[in-house]
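Residues per chain, in single letters:
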There are 2 protein chains.
Amino acid sequence: MRTSILRLDALAKVTGRARYAADLQFPGMVHVKVLYSTHPHARIRRIATSQARGIPGVLAVLTARDLPGIPGRERERPVLALDRVRYLGEGVAITVAEDEVTAREALARIMVEYDVLPAVFDPEEALKAEAPELHPGGNKLCHFKVRHGDPEAGFAAAEVILERTYRTHRVYHAALEPEAAVAVPGADGTVTIYCPTKSPFNLRRIVAEALALDLNQVRVVETTIGGSFGGKDYDMAVVAARAALAALVTGRPARLVMTREESLKESTKRHPYVLHYKVGARRDGTLVAMKIHGITDAGAYASKTPLVAWRSTVEAAGPYVIPHVHTDIVAAFTNNMPSDALRGFGSPQVNLAVELLMDELAGELGLDPLELRLKNGYREGSEAVTGQSLRDVSLTECLTKVAAATGWQGKRQAYARQEGPRRRGIGLACSFRGSCFGAGGEGLDAAGAMLNVERDGSINVSTGICEVGQGSRSAFARIIAELLGVEAARIHVSPVDSARVVDSGPTVASRGTVVGGHAARLAAEQVRRAMAGVAAAILNVPEDDLEFAGEAVYSRKDPERRLSFRELAGACYSRGVSLYGFGWYKIPDLHWDGEKGQGEAYFSYVYAAAVAEVEVDLETGQVEIINYTAAHDVGNALNPDAVAGQIAGGGAMGIGYALMESAEPCQGKLVNTNFATYLIPTTLDTGRITPLIIEHPDPLGPLGARGLGEPATQIVAPAIINAICQATGRRLYELPATLERVWRAVRERGEE
Amino acid sequence: MRTSILRLDALAKVTGRARYAADLQFPGMVHVKVLYSTHPHARIRRIATSQARGIPGVLAVLTARDLPGIPGRERERPVLALDRVRYLGEGVAITVAEDEVTAREALARIMVEYDVLPAVFDPEEALKAEAPELHPGGNKLCHFKVRHGDPEAGFAAAEVILERTYRTHRVYHAALEPEAAVAVPGADGTVTIYCPTKSPFNLRRIVAEALALDLNQVRVVETTIGGSFGGKDYDMAVVAARAALAALVTGRPARLVMTREESLKESTKRHPYVLHYKVGARRDGTLVAMKIHGITDAGAYASKTPLVAWRSTVEAAGPYVIPHVHTDIVAAFTNNMPSDALRGFGSPQVNLAVELLMDELAGELGLDPLELRLKNGYREGSEAVTGQSLRDVSLTECLTKVAAATGWQGKRQAYARQEGPRRRGIGLACSFRGSCFGAGGEGLDAAGAMLNVERDGSINVSTGICEVGQGSRSAFARIIAELLGVEAARIHVSPVDSARVVDSGPTVASRGTVVGGHAARLAAEQVRRAMAGVAAAILNVPEDDLEFAGEAVYSRKDPERRLSFRELAGACYSRGVSLYGFGWYKIPDLHWDGEKGQGEAYFSYVYAAAVAEVEVDLETGQVEIINYTAAHDVGNALNPDAVAGQIAGGGAMGIGYALMESAEPCQGKLVNTNFATYLIPTTLDTGRITPLIIEHPDPLGPLGARGLGEPATQIVAPAIINAICQATGRRLYELPATLERVWRAVRERGEE
């Protein structure tokens, strides 16, 4: 394994010198606040702004009618509601003032007259004919399928059949930094937006369309981000567009920073799912058939729901060979807040369901859960339920390694024999996950990277991939450093600036390192070739004899023939040889039959297995995490410390998902709107997290690397819930496993 | 001729919304002032800063010893003087304070003990053995030669011989914006410098070396510039480095804005020359021999003196076929302020001398000055005095057109017959000038440009060439617009950001449009090829049948087969075809024999001719410019209005050089340190300026374009002085032609 490097952004962050969007100040900056809808579904009859405008210090009060362009595309969340609101927390108007307090005060003076419309909050209800229609075309947003084999025939041949329903809930991205943007008007009608985002190009499009500008008239510059986790896409786009509108109207830099309450109310959440599973197996544990029907709540607008639901469809049957599988996942519009991607997006929900199901099935069959998984899990050459033949499969290794490292067998048996009010349980889960967008991706799955070796051998790099905290800049630096034989610390990776880089899509789906890394690799290889040509001429050796290592370029045969990297960079400059490289990498085209859900869903998959150990107080329902151990095949750990950090961070997030976090609105209204009531885990809640790094290089990954950001999260909850189930002797079917829910399950056992 | 486009920066400038470096504000910004040397030559024994540091609000008082790196390279001006000062106005220390007033007050509390050294202010004196030595290796900075034929044999065959000495003076760049920089420390030990500059990469190197940083740790971002004219290179570098030092020491953004007085005292000036000419001709006007010896004052540091002196050497004999020419130009260090490039750098001085000489020779021979020039001027295939065979020569056309447009013959004769105290004169001059750096260039003569077509067909462009007011961004936009068939307004050219672009050398020598334009062309052609491939596939036509015009791409044979440019950009995006282009253009290698001064001095030359009409008050010496008409071959007027503006601006600058501007120090001390005493022309001083645009495409220029920035200035003074000479009947040999100097010349005539 490689040695770790210091993350390029570490120093700035630990010294507090990193500047976030909310820290930015510009001369003459004005402040923007947002008025939110007070109804989950209503027509806007009239917005009276004159009173608010009259307040001293208020510079403007603006509504959708002040946007030169469109508030939003059809079915997409508008920057500001034009004539209808579809959820509580939808932005209706903005105030722009000399200071934030005045801007906030002015909100109360805006009079909005609504005609209240009937609302629907349940996706199953929303699909009924009599349900109020949110968008033209009806409330069914999408329906994806997998049709593999003949499940009815499979069930007929099965010896054991289980049918279970699982429910997952909404959670919040809970980035410690809320959405914030500063928009600075250019002298020439353009606008520059400084904000944290994972999706600068989507954001740019939305701002440009709202303001009727060309894409090159909107410049988006990435600031230090205080967490994305799949958020800061549409949520940031509306914030950015509102700030930009204020900037263009007032001609002054405009700052809009959400409060925690605003962020919780308005921003997107993880999709809640209801998932019905029916599984059939033989007595020996061989899976023969599965039927899955799921429904998810898209909330009021489309966002990336199709991408999420499609991924769920592909992954719903888990990493298991099953000859007969039908899967259907439907997404419906409701008057809840919009759902959107959140770390794992579509995977955690189905991963939870299928792994809980496997544990229960193992119990029914009298098998060890590990045994059942090893028996049916994907292996090299397995056929996935999408018909794809799988390569580079490391599931078995993940499972056996995590079992060995945790003493699975011994503990599983020991914990089965406990008595008393505090009982331990150990739970297992495994996962697979498609890399990057896959065949269901809406956008182009490609990225660009630019690299320039300066004449002193230091290196400037730009890419279109955002640093959302996952360490992408350090990963790119590592890839380039390795190819050019220099220290990563000699490489400076600039923030994304949409005027300087190419549209590389959003930094989602664990694609940053993979797609951006390939682009960086290609750019580095281009420059390496140029340098090798000059070095070969100077050293009088063939190009293919040259080694780039240790800040030098030398002949492998005669290592005394060498130039320092710096000397070589200077020599290239003097000769007029450009050391600028541009890498463009596009994921290979995938064949996909949408009707049958068969084909190459993703070009590659990543595998993981995790074991959780918990202690449950049966009298209170309290769950304490003792150990969490996760084995992830990361292909090539470009920066092992960062990989371990990802696993720990993903673990903590998964623990929050499993046990405590919940952003479930009631009649569209969220009640827990701050971190006093929306609970996220602290380090005291996570127990001991142990990462097991497995490295099976992915032939399609840059230097063999695989994505990790999302697998690290999706696998946590099923391992924990399965552990709770062992400790309590009760199955749980719904997240989160709160005190009350666990206690109730235990009590039901007592009542049996 | 093309239609004109609105300059991309016009709106921002005329509305006052353009933000200059001095306008920038950052939170926590500190202010920097500079203590200047009080002796033209001295050793620094000690700098006591404790008193200054004790002033409330003073954050730091810093000297060269606080620089982590080197103050400057050998013979180069230091960022701060280390142990010796070589001119009055050299920076010795800086104060950093919460506000500018406090920083200025603190200067007075810094105690510097000097050991005064003998100083030398005359370059001829400086070359003598007994002169104080400024730098190791002596005061002779450089000596360039041309050895062409045998002048002694030529003079022996001549029928008329003239020997004359001409003197040109120092002038100031007089940009309305003085040097200003704001340095912002990065969170990671880097520093970003916002400043106007024509030489961001030279500046970056100087800052990096002074602060012991890698080049990629210093980011230079170009701000709107309030004039360069060849300045804002070393002058900006020292300002930037001082601001950067203050920023890194205090950890806060640091602003350093020079006052006019500081700028006049410290900053570089145009090289003053003393030029001895001896010319021999036959009675019929055929030139046969010339001998030239010039000396120029480099001032205290090297700067670009070698480049300037070399250019003078190549161009000193003017655009004339002369079989026997020897030229020697020497530059010497003195304790005057450093000389550096100023619009034309090295051309205006010799252009003045040779054109005054030609007029006087024509008088001696009884020939019309136009006739003498047409007889000897370069034509297609002429051999230059450097032995180079010339192509694409348009001198004759420039001369005949300007003569025709001004009614030369008639006025010349009419004005010869005047009487009375106010007399008119008409004067002619012509010029040639080597394009770009030429074979004597110190740096790489290459540039890079990046271009990205966004998915909506709008275009982002970056280059390493600065917008110094010459309209380079508009020129690049024009080139790209023409190649891609789009409106220039759809193209956004970003400011130079050294972290994003490649080292493209300084924006000097009228090379911006040529070298940067080629780079932009190559980038556009690359993108065009990519787009053509996709368009051909969609439209089912061969690629070579495609036309890019009118925001569309269509088949020439069947124009109905077409895609809008926007559609095509979107189609390329959807197909994953990158529309990013990188152009790198390097001037062709030139062969040059430095010892003989023979070879290809420049890859191409530009030609011009100008006529000035003046009215002189013989009783006061006052000169009024009536008309100034200049014919310039610009190859291809990419933006005719901008070309006309360049000619007018260059004309005004040349008028200032000819008649009023002077920054001549006395014993190293400049007395006219503001615009009340350093006079520059206003529009009331320039008379009527008429541009004559000639377009002989340069096969080596982008779309045939040629540089204009400098020819527009260099040719003005000789035309004016020759006009004054006709009006007064007296020859002048020294610039500027002030009231006093003209009056004295007239009085000498009266006394004869």
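Residues numbered from 1 in each chain as written. Chains lettered and ligands numbered in written order. Predicted model: local features only at pLDDT ≥ 70, side-chain atom pairs only at ≥ 80, totals over all residues. Heavy atoms only, no water.

Regarding the overall build of chain A
Quick reminder of the rule: Helix and strand assignments come from DSSP, with helices taken as H or I runs of at least 4 residues and strands as E runs of at least 2, each series counted from the N terminus. Atoms counted for the radius of gyration: C-alpha only. Globule rule: 2.2 Å times residue count to the power 0.38. When a residue's accessible area, from a 1.4 Å probe over protein chains only, is under 20% of the maximum for its type it is buried; when over 50% it is exposed; and in between it is partly exposed. Note on contacts: a residue pair is in contact if any heavy atoms of the two residues lie within 4.5 Å. Working definition of accessibility: Shrake-Rupley area with a 1.4 Å probe, residue cover restricted to the visible protein chains. When charges are counted, Lys and Arg are positive and Asp and Glu negative, with His and the chain ends excluded. Think of each charge as sitting on NZ of Lys, CZ of Arg, CG of Asp or CD of Glu.
The helix and strand tally for chain A stands at 20 helices and 28 strands. On C-alpha atoms alone, chain A measures out to a radius of gyration of 27 Å, which is about the 27 Å that the 2.2 N^0.38 rule sets for 752 residues. With 752 residues in all, chain A has 66% of them scored as buried. Taking the intrachain contacts of chain A between residues at least 6 apart in sequence as the baseline, contacts between residues at least 24 apart amount to 81%. In the structure as shown, chain A presents an accessible area of about 24800 Å², 50% of it carried by carbon and sulfur atoms. Here chain A contributes 82 positively and 89 negatively charged side chains, and the mean placements of these two sets differ by 2 Å.

Quick look at the domain arrangement of chain A
All names here are of chain A. To keep things clear, this is the line we draw: Throughout, the edges of the domains are those of an automatic or database domain assignment. Put simply, buried area is the surface a 1.4 Å probe can reach on two separate parts but cannot reach once they are joined, added for both. Each reported salt bridge corresponds to a side-chain nitrogen of Lys or Arg within 4 Å of a carboxyl oxygen of Asp or Glu. Throughout this description, a polar contact denotes any pair of N or O atoms lying within 3.5 Å of each other; where both atoms belong to protein, one of them has to be capable of donating a hydrogen while the other can accept it, and for residues adjacent in sequence the pair is counted only when both atoms sit in side chains.
Per the domain assignment, the segments of chain A are domain 1 (19-38 + 42-117 + 179-257), domain 2 (273-382 + 393-439 + 594-751) and domain 3 (446-586). For domain 1 and domain 2, the distance between their C-alpha centroids amounts to 37 Å. Contacts between the two partners involve 14 residues from domain 1, matched on the other side by 19 residues from domain 2. Summing both sides of the interface, domain 1 and domain 2 together bury roughly 1300 Å²; the carbon and sulfur share of this comes to 58%. Put simply, domain 1 and domain 2 have 1 salt bridge between them. In this structure, K304 and D233 form a salt bridge, with 2.3 Å as the shortest nitrogen-oxygen distance. Put simply, domain 1 and domain 2 have 7 residue pairs in polar contact (both at pLDDT 80 or more) between them.

Brief notes about helix α15 (residues 512-539) of chain B
Applicable threshold: One less than the number of residues in a helix, times 1.5 Å, gives the span that helix is expected to have.
Compared with the 40 Å implied by 1.5 Å per residue over 28 residues, the 38 Å span of α15(B) between its first and last C-alpha is a close match. Of the residues trailing α15(B), N540(B) is marked for its positive phi of about 60°.

Some remarks on the pairing of strand β16 (residues 422-434) of chain A
Residues and elements named next belong to chain A. Just so we agree on the cut-off: We treat two strands as partners when DSSP finds at least two bridges between them.
Of all 13 residues in β16, 11 are buried; the element is thus mostly enclosed. Sheet topology note: the β16/strand β26 (residues 605-617) ladder contains 13 bridges and is antiparallel. The residue of β26 that forms the bridge with I426 is E613.

Details of the pattern of salt bridges
Pairs can form between side chains of opposite charge whenever their charged atoms are close. Residues and elements named next belong to chain A. Per the stated rule, a full pass over the model turns up 101 salt bridges over all chains. The partner of E125 in a salt bridge is K128, with the nearest N and O atoms 3.0 Å apart. Classification of K128 by relative accessible area gives partly exposed; the value is 39%. Each member of the salt-bridge network shares a partner with another, and the members are R422, R424, E615, D617 and E624.

A short note on the nonpolar core
To keep it simple, the criterion reads: Residues enter a nonpolar core if they are buried and are Ala, Val, Leu, Ile, Met, Phe, Trp, Tyr or Cys, with the set joined through side-chain atoms within 4.5 Å.
In this structure, Y277(A), M290(A), I720(A) and I724(A) are the most contacted members of the largest nonpolar core, which totals 127 residues. Counting residues per element, this core draws most heavily on helix α10 (residues 347-365) of chain A, which supplies 10 residues. Residues within four places of I724(A) in sequence aside, it is in contact with V614(A), V616(A), V623(A), L659(A), G729(A), L732(A), A737(A) and V742(A). Ranked by size, the runner-up nonpolar core spans 126 residues in total, among them Y166(B), L370(B), A384(B) and A745(B).

Remarks on the interface of chain A and chain B
The following threshold applies: Put simply, Ala, Val, Leu, Ile, Met, Phe, Trp, Tyr, Cys and Pro go in the nonpolar bin, Asp, Glu, Lys and Arg in the charged bin, and everything else, Gly too, in the polar bin.
Tallying the contact residues gives 49 residues for chain A and 49 residues for chain B. Between chain A and chain B lies a buried interface of about 4300 Å² when both sides are counted; carbon and sulfur atoms form 51% of it. In terms of surface lost to chain B, no three residues of chain A exceed N216(A), R500(A) and Y580(A), which account for 17% of the buried area on that side. In this structure, the connection of chain A to chain B is made through 6 salt bridges. Of the charged contacts in the structure, one is a salt bridge between R455(A) and D503(B), with a shortest N-O distance of 3.9 Å. Inspection of the chain A/chain B interface yields 22 residue pairs in polar contact (both at pLDDT 80 or more). Counting only elements with at least two residues in the side of chain A that touches chain B, the list comes to β17 (446-453), β18 (459-463), β19 (491-493), α16 (565-574) and β23 (580-586) of chain A. Of all the elements, β23(A) adds the most residues to the side of chain A that touches chain B, at 4 residues. Each residue belonging to the side of chain A that touches chain B can be placed in one class, and the counts come to 20 nonpolar, 15 polar and 14 charged.

Some words on the sheet that holds strand β6 (residues 111-116) of chain B
All names here are of chain B. Across the sheet, 3 strands lie side by side as β4-β2-β6; this open sheet has antiparallel pairing. Edge positions in the sheet fall to β4 (84-85) and β6, since each of these pairs with one other strand and no more. Pairing of strand β2 (residues 42-48) with β4, which is carried by 2 bridges, proceeds in the antiparallel orientation. Across the sheet, the residue bridging to A42 is V85, located in β4.

Here's the deal with the side chain of S474(A)
Residue and element names in this part refer to chain A. For S474, the position within the fold is in helix α14 (residues 472-484). Residue S474 is classed as buried on the basis of its relative accessible area, which comes to 3%. With residues up to four places along the chain from it excluded, the contact list for S474 reads I5, R7, L8 and E467.

A few points about the UniProt feature "domain: Aldehyde oxidase/xanthine dehydrogenase a/b hammerhead" (unreviewed entry) in chain A
Definition in use: UniProt positions are given in the numbering used here, feature names are shortened, and annotations may be inferred rather than shown by experiment.
Per the UniProt record, the feature "domain: Aldehyde oxidase/xanthine dehydrogenase a/b hammerhead" (unreviewed entry) sits at residues 15-118 of chain A. Annotation note: span residues 15-118 of chain A, helix share 12%, strand share 34%, distance between end C-alpha atoms 52 Å.

Observations concerning the relation of the copies chain A and chain B
Between the two copies of the chain lies a rotation about an axis combined with a shift along it. As a reminder of what qualifies: Fitting of the copies onto one another was done by least squares over C-alpha atoms, counting residues only where both copies have pLDDT of at least 70.
Superposing chain A onto chain B takes a rotation of 180° plus a shift of 0.0 Å along the axis, which leaves an RMSD of 0.1 Å. A rotation of that kind, with that shift, is consistent with a two-fold axis. Both copies contact each other with a shared surface, as 100% of the interface residues of chain A are interface residues in chain B too.

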